[in-house]
Each structure stands twice: as C-alpha cells, then as structure tokens.
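Chains, contacts and geometry: an overview
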Amino acid sequence: GFKTVDIEAKQGLVDDVFRSVATRYDLMNDLMSAGLHRAWKDVMVTALNPPKARPHDAPPGAPAERPFHLLDVAGGTGDVAFRVVEAGGAKTRATVCDINADMLGVGRERAFERGLDHAVEFVDGNAEALPFADRNFDAYTIAFGIRNVPRIDKALAEAYRVLRPSGRFAVS
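Presented here is an overview of the structure given in this document. Values in this document were obtained by computation on a predicted structure and should not be read as measured data.

**Comments concerning the overall build of the chain**
When you go through the chain residue by residue, the secondary structure sums to six helices and five strands. The order of α-helices and β-strands along the chain, N terminus first, is α-α-α-β-α-β-α-β-β-α-β. Relative to all contacts within the chain whose residues are 6 or more apart in sequence, the contacts with residues 24 or more apart total 75%. Per element, the accessible surface of the chain, about 9,400 Å² overall, is 57% carbon and sulfur.

**Some words on the pairing of strand E5 (residues 163–171)**
The side chains of a regular strand alternate, first on one face of the sheet and then on the other. Here strand E4 (residues 137–142) runs beside E5; their pairing, made up of five bridges, is parallel. Its bridge partner being in E5, Thr141 is matched across the sheet by Ala170. Of the crossover connections in this fold, the one passing from E4 over helix H6 (residues 152–162) to the parallel E5 is right-handed.

**Some details on the nonpolar core**
One finds Leu48, Leu70, Val84, Val120 and Phe122 to be the most contacted residues of the largest nonpolar core, which totals 22 residues. When residues in this core are grouped by element, the largest group, five residues, is from helix H4 (residues 79–87). The residues contacting Val120, other than those within four sequence positions of it, are Ala81, Phe82, Val85, Ala94 and Val96. The next biggest cluster of nonpolar side chains, apart from the first, holds 16 residues, and it includes Phe137, Ala159, Val162 and Leu163.

**So, the pairing of E4**
In terms of residue burial, E4 counts as a mostly covered element, since six of its six residues are buried. Sheet analysis places strand E1 (residues 68–73) next to E4, joined by four bridges and oriented parallel. By the bridge assignment for E4, Val73 is matched with Ile142.

Basis of the calculations
Residues numbered from 1 in each chain as written. Predicted model: local features only at pLDDT ≥ 70, side-chain atom pairs only at ≥ 80, totals over all residues. Heavy atoms only, no water. Helix = DSSP H or I, 4+ residues; strand = E, 2+ residues; numbered from the N terminus. Contact = heavy atoms within 4.5 Å. Areas by Shrake-Rupley, 256 points an atom, 1.4 Å probe, with all protein chains shown as cover. Pairing = 2+ DSSP bridges. Right-handed = clockwise from strand over helix to strand, strands pointing away. Core = buried A, V, L, I, M, F, W, Y, C linked by side-chain atoms within 4.5 Å. Buried < 20%, exposed > 50% of the residue type's maximum accessible area, 1.4 Å probe, protein only.

Structure, rendered in structure tokens:
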C-alpha cells in the first residue's frame, strides 16, 4: 500500500523490512523485476568500466594495471560489488556499505562462497553519513537503495565527498 511516513520514522521502517527479507532479497529482486535487475546491473558495470587485468604478454613498458576501488552503497548482499570485481582486474576492490547488518551478513557469506572475500569488504554504515575518508573511491554505486534513503540530498553530498576527482557515480 501507500502510506505517508514521517522522515524520522522512515529509516526504522526500512530497516525492519530489509531485516525480514535479507536471506530472500536477491530472489525477490528476480521475481519483482522478472530478472531485469540483472541486465540493469550489467549496464551499470559496463558504464563503470573497471580496469581489466594487464595481459601477461604485454610488451615491456606497457602501462601497469591500475587499482580501482568501488563503493557500493545500500548494496548489502553484494550483487553489484561482485559483478564489478569479476569484471575488473586483480587490483579491483569493492566496499559494500549498508545500514542493515542482516543484509551485510548475507553478502559476507556470498563473498566467501564465491571466493571473493579477499576483494569485497562489508561495512555497516549510513548513506547520509559515510564512515570513509574524503576522495577515497574511484566509483560510487547505489542501485535500488536510493529510494530508501530518507534524505537523498545528504546521501548525494556524501557520494561527492568520498569520490576521487573524476570518479564515477552510478544509480540504477
């Protein structure tokens, strides 16, 4: 249904919803979008274009692979972060920041199962007050979570703060 909610109460309601669906969240996305969320996320990863691994047969003096660090906000189960790490080279890393510990727990388990726990970190944090240093990330993504942020202007200011100059911002 539709309900008017006070801005101060919104975060608690959102937390309760995601706590209750954490283990089924990815399945729910498949059902609600008829699988289209996967295509949207693939488009986002293509737009981010994380640097690929330098070929082993690269000529001497060819540029070395550069590090790439993604911040995926409200990305609890790690779906976007995994895609970026898998698309990038060996120096690609991702930090998933989510306000919901249950979603982060599911993401950590999935990272371990996929063998990506060395490249994907999970941090409890709020999009409106990120626990990261200024200019720390090459890219910032927030998929469907943007609709659940009570103060979008604060979240956008935080995105700008943590992105390196010429960093990429993507919303799906």
